[in-house]
Amino acid sequence: GPEVEARQRRSVEREARRRRRREKRSRQGIKDHDEGMSSDDEVLETRKLEFVNETNKVNDKLKEVFTDVVDDFYRLSIIKTRFEQWKFSHTETYLQAYVPLCLPKLFTPYVIYQMIHWNPLDVNSTQLESMKWFEILLFYGYQESEEPDPEDEDTQLIPQLFDRVILPKVTGIIEYVWDPLSRSQTQCLMNVVSNILKEYSIKHTQHQDELVTIIRKRLQESVNVDVFIPLMSAMQLQNTNTHEYLFYQRQFWSAVKLVGNIVLWKTVLPNDVLQQLTLDGVLNRYIILSLQNSPVNHITIRKLETLISILPDEWLSQKSASLQGLQRFIIILLETLQREAMGFPDHLKKAYKLLEDRVKDIQIRIEK
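Residues numbered from 1 in each chain as written. Predicted model: local features only at pLDDT ≥ 70, side-chain atom pairs only at ≥ 80, totals over all residues. Heavy atoms only, no water.

**Student:** Sorry, what's going on with unusual backbone geometry here?
**Tutor:** Across residues other than glycine, the phi torsion is negative in most instances, and most of the peptide bonds are trans. Its identity as a non-glycine residue notwithstanding, Y98 has a phi of 55 degrees, on the positive side. Here Y98 lies in the loop between α4 (91-96) and α5 (99-114). Among the residues examined, Y98 registers a relative accessible area of 56% and is labelled exposed. (Helix = DSSP H or I, 4+ residues; strand = E, 2+ residues; numbered from the N terminus. Buried < 20%, exposed > 50% of the residue type's maximum accessible area, 1.4 Å probe, protein only.)

In structure tokens:
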């Protein structure tokens, strides 16, 4: 039926994207790459065409937005100048009319208009501080020859616009568009959100609370839905040429990538929430079980090294109960390496000793 055909088509397209990425890495001389760690942000040509068509439709509609607006209110810069003139020439009536209270509402439609195509998931999207509305309003109400007055309510104009316009837009994109498994999307989004909360936040607003709630919700959904590592025995994992093996490796590294993406939010989400999502939700539920069933070889140790490099140092030093499973696995892995090495000739013992040293380095880091 149509659903089966669509699923098969997506599968073929997905494999084609992977093949192109492999060929690109080969040309660049990149050898050590793990399939599940790819940030699959390559857009299909059909999707690109759809996006261009929809963008053109939006642009046509945008041209009509201000067609019935008189010249005095057509541009943000004109309105800004008029209110500044009022403030500078008749400050008392300006304040009596509660203009600073009204300005965020007045300027909001103009900011929304300029923000239509802004995308916090795109590394090439215009920085907020470079947008025209920001440059026009940044020094609103300031006389060039005077120092800004911290008691002046107009100093809160930009933070209020961020709260009224930018945060709801970012929250909507997080809820309906963002893919938590995408490294590039997550990095871009986290940079935008942390910058807003650090530089332009108003303490404890509803829009800030909603933003943080939606981030946590989407990450939890990704942990619940996107993470799946099939159970395979160490013997099955010795055969590296099967589709099952490749699928298993992709799923494992995809789970590791999600852990890394969640950790990126450490300046936005509380530490206990991050640990619950990563350690309890992914590490102990999937990754440790997968490692325990893996053969003792350099691939398993590299997985362990990558995982440890992703986890914050302060988590490793806290002796968290959530890390006890990982610590036990490392101890068992060391014992297994030492036991197996005893029955091998010297040249193989040296190879095992190198693996053993790598695991000891991991153990030192997690127990320091």
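Right, picking up where we left off after that structure.
**Student:** Whenever I open this one, the packing of aromatic side chains confuses me. Can you help?
**Tutor:** Each pair of aromatic rings is reported with the distance of its centres and the angle of its planes. Across all of its chains, the model carries 12 aromatic pairs by this definition. Plain terms: the ring middles of F139 and Y142 are 6.2 Å apart, the flat faces sit at 55 degrees to each other, and that makes the pair tilted. For the pair F228 and F247, a centre-to-centre distance of 6.4 Å together with 45 degrees between the ring planes defines the contact as tilted. Placement of the pair is F228 in the loop between α9 (206-225) and α10 (243-263) and F247 in helix α10, with a sequence separation of 19 residues. Relative accessible area serves as the criterion here: at 44%, F228 is assigned to the partly exposed category. Residue classification places F247 among the partly exposed positions, given a relative accessible area of 33%. Put simply, the rings of W133, F134, F162 and Y200 pair up and form one aromatic cluster. (Phe/Tyr/Trp six-rings, centres within 6.5 Å; stacked < 30°, edge-to-face > 60°.)

**Student:** Before we go on, may I ask you to explain the packing of α9 against helix α11 (residues 271-292) in this structure?
**Tutor:** For any two helices packed against each other, the geometry comes down to the angle between their axes and how far apart the axes lie. Interaxial distance between α9 and α11 falls to 11 Å at its minimum, and their mutual angle equals 5 degrees. The angle between α9 and α11 places the two elements in the roughly parallel class. Taken together, the residues of α11 that come into contact with α9 (itself represented by R216, L219, Q220, V223 and N224) are V273, Q276, L277, G281, V282, R285 and Y286. Of the residues belonging to the contact of α9 with α11, the class tally is six nonpolar, four polar and two charged. (Axes fitted to C-alpha atoms, helices over the stretch in contact; angles between N-to-C directions. Parallel < 35°, antiparallel > 145°, perpendicular 65-115°, else oblique. Contact = heavy atoms within 4.5 Å. Nonpolar A, V, L, I, M, F, W, Y, C, P; charged D, E, K, R; others polar.)

**Student:** What am I meant to see in the side chain of N261 here?
**Tutor:** With respect to the helices and strands, N261 occurs in helix α10. Separated by 3.2 Å, the side chains of N261 and R183 make a polar contact. In this structure N261 touches P180, L181, S182, R183 and T186, once residues within four positions along its chain are discounted. (Polar contact = N/O pair within 3.5 Å; in protein donor to acceptor, adjacent residues only side chain to side chain.)

**Student:** Can you walk me through the pattern of salt bridges in this structure?
**Tutor:** Between side chains of opposite charge, a pair can form when the charged atoms approach closely. Counted by the stated rule, this structure contains nine salt bridges. Salt-bridge contacts for R358 lead to E305; the nearest nitrogen and oxygen are separated by 2.9 Å. Pair noted here: R358 is in helix α15 (residues 346-367) and E305 is in helix α12 (residues 298-310), with a separation of 53 residues, a long-range link. In this structure R358 comes out as partly exposed when scored by relative accessible area, which is 26%. (Salt bridge = Lys/Arg side-chain N within 4 Å of Asp/Glu carboxyl O.)

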